[in-house]
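Chains, contacts and geometry: an overview
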Amino acid sequence: MALLLGKKVKLFSLSSNLQLAEEIANSVGIPLSEIEVNHFADGEINVQISETVRGHHVFVIQPTSYPVNDHLMELLIMCDALKRASAKTINLIIPYYGYSRQDRKVKSRQPISAKLVADLIQAAGANRVIVMDIHAAQIQGFFNIPVDNFQGLPILCNYLLEKNLEDPIVVSPDHGGATRAREFAKILNTNIAIIDKRRPEPNKAEVMNIIGDVEGKTCIMVDDMIDTAGTMTIGAKALMEHGAKAVYAACTHGVLSGEAIKRIEESCLKEVIVTNTIAIPKEKRIDKLVVLSVGTLLGHGVLRILSDEPISGLFTYSYNKDRESSQ
């Protein structure tokens, strides 16, 4: 039994990202507890917790990345097992929240799947959810339990600041990401540009125009995730055609599905920076891809939650206020 701040605490990892779970455990200072996850021949999932959790504050680490349905079901079944085993609190660390892009109805007769997932998580017995850079902020309102939305921005910006890039400018790949780009720009003490694009169908994008002056600049395209890499690679090409000196891409979630790695490798992108909210296998770790860890950040967050301290202090930056007023 591990005691932290006078509380009985246990950390569990399901199957989607064991390496990240181990990093979080090392940061918190307690080992991962034992658990067995079995997948039967017909696809059913069973979870067997190997030690008592009665009266414990339990944290379960499970990004709901590919295969999203299996990982989601593991999480829901684990919640049910913990509830029936009398855990004091059930805290889910879901660095990548699957179905987050289905957060509203765009057309008639469409589901709001992000809300459905929230309902399932609550029905399973969770008391708190911890996510990172959730795709749509309103998803926090789909829950009737506390949701802590951690930011990957400090980790990404620290890396970019250390590179000391020449004449940087932060670029949003669409209008919807302008707020995120502005936050990056504040920390990097620079300005922003926006790519005006349209999306004729899911996972396909066409650049219409570049809003802002990128000529001679080192462009840093920022987004919450890179999925098929179509938006980033097309955007990078357009930026270079408009006179950019070099183009980097930075995001929290490296989904990297389909032809993403091939597109990145063949693109003009100099470097693609992601975090390990989603486990990235060795075959996808090409030279252009930089993977930063969020384990320590999430570990510190766990400690703050246990000690009833605010987590906002983990994301505090000072930046040039005079520069902000000119942006």
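Residues numbered from 1 in each chain as written. Predicted model: local features only at pLDDT ≥ 70, side-chain atom pairs only at ≥ 80, totals over all residues. Heavy atoms only, no water.

**Section: the nonpolar core**
Among the nonpolar cores identified, the biggest contains 47 residues, and Phe-59, Phe-150, Ile-273 and Leu-298 are the most heavily contacted of them. Here this core takes six residues from helix α4 (residues 153–163), the largest share from any one element. With residues near it in sequence (within four places) discarded, Phe-150 still touches Ile-130, Val-131, Met-132, Asp-133, Leu-297, Leu-298, Gly-301, Ile-311, Leu-314 and Phe-315. (Core = buried A, V, L, I, M, F, W, Y, C linked by side-chain atoms within 4.5 Å. Buried < 20%, exposed > 50% of the residue type's maximum accessible area, 1.4 Å probe, protein only. Helix = DSSP H or I, 4+ residues; strand = E, 2+ residues; numbered from the N terminus. Contact = heavy atoms within 4.5 Å.)

**Some thoughts on the confidence of the model for the protein**
When pLDDT is averaged along the protein, the result is 92; 93% of the residues meet or exceed 70. Segment residues 319–327: pLDDT under 50, and 13 contacts once partners within four positions in sequence are set aside and those in other chains are kept. (pLDDT = per-residue confidence, 0-100.)

**Describing the environment of Ile-305**
Along the chain, the position of Ile-305 falls in helix α8 (residues 295–306). Measuring from C-alpha to C-alpha, the distance between Ile-305 and Ser-50 comes to 25 Å, with 255 residues separating the pair along the chain. Residues in contact with Ile-305, not counting those within four places in the same chain, are Phe-59, Arg-128, Ile-130, Asp-148 and Ile-311.

**Things to note about the state of the cysteines**
Overall, the coordinates contain zero disulfides when judged by the stated rule. Distance from the sulfur of Cys-157, which forms no disulfide, to the nearest cysteine sulfur (Cys-251) is 13 Å. Its relative accessible area of 0% is what places Cys-157 among the buried residues. Of the cysteine sulfurs around Cys-219, a residue in no disulfide, the closest is that of Cys-268, at 9.9 Å. Judged by relative accessible area, Cys-219 falls into the buried class, the value being 0%. (Disulfide = S-S within 2.5 Å.)

**Quick look at the side chain of Asp-224**
As for its position among the elements, Asp-224 is in strand β12 (residues 218–226). For Asp-224, which is buried and forms no salt bridge, the nearest opposite charge comes from Arg-180, at a distance of 4.1 Å. In this structure the side chain of Asp-224 is engaged in a polar contact, spanning 2.7 Å, whose partner is the side chain of His-135. (Lys, Arg positive; Asp, Glu negative; His and termini not counted. Salt bridge = Lys/Arg side-chain N within 4 Å of Asp/Glu carboxyl O. Polar contact = N/O pair within 3.5 Å; in protein donor to acceptor, adjacent residues only side chain to side chain.)

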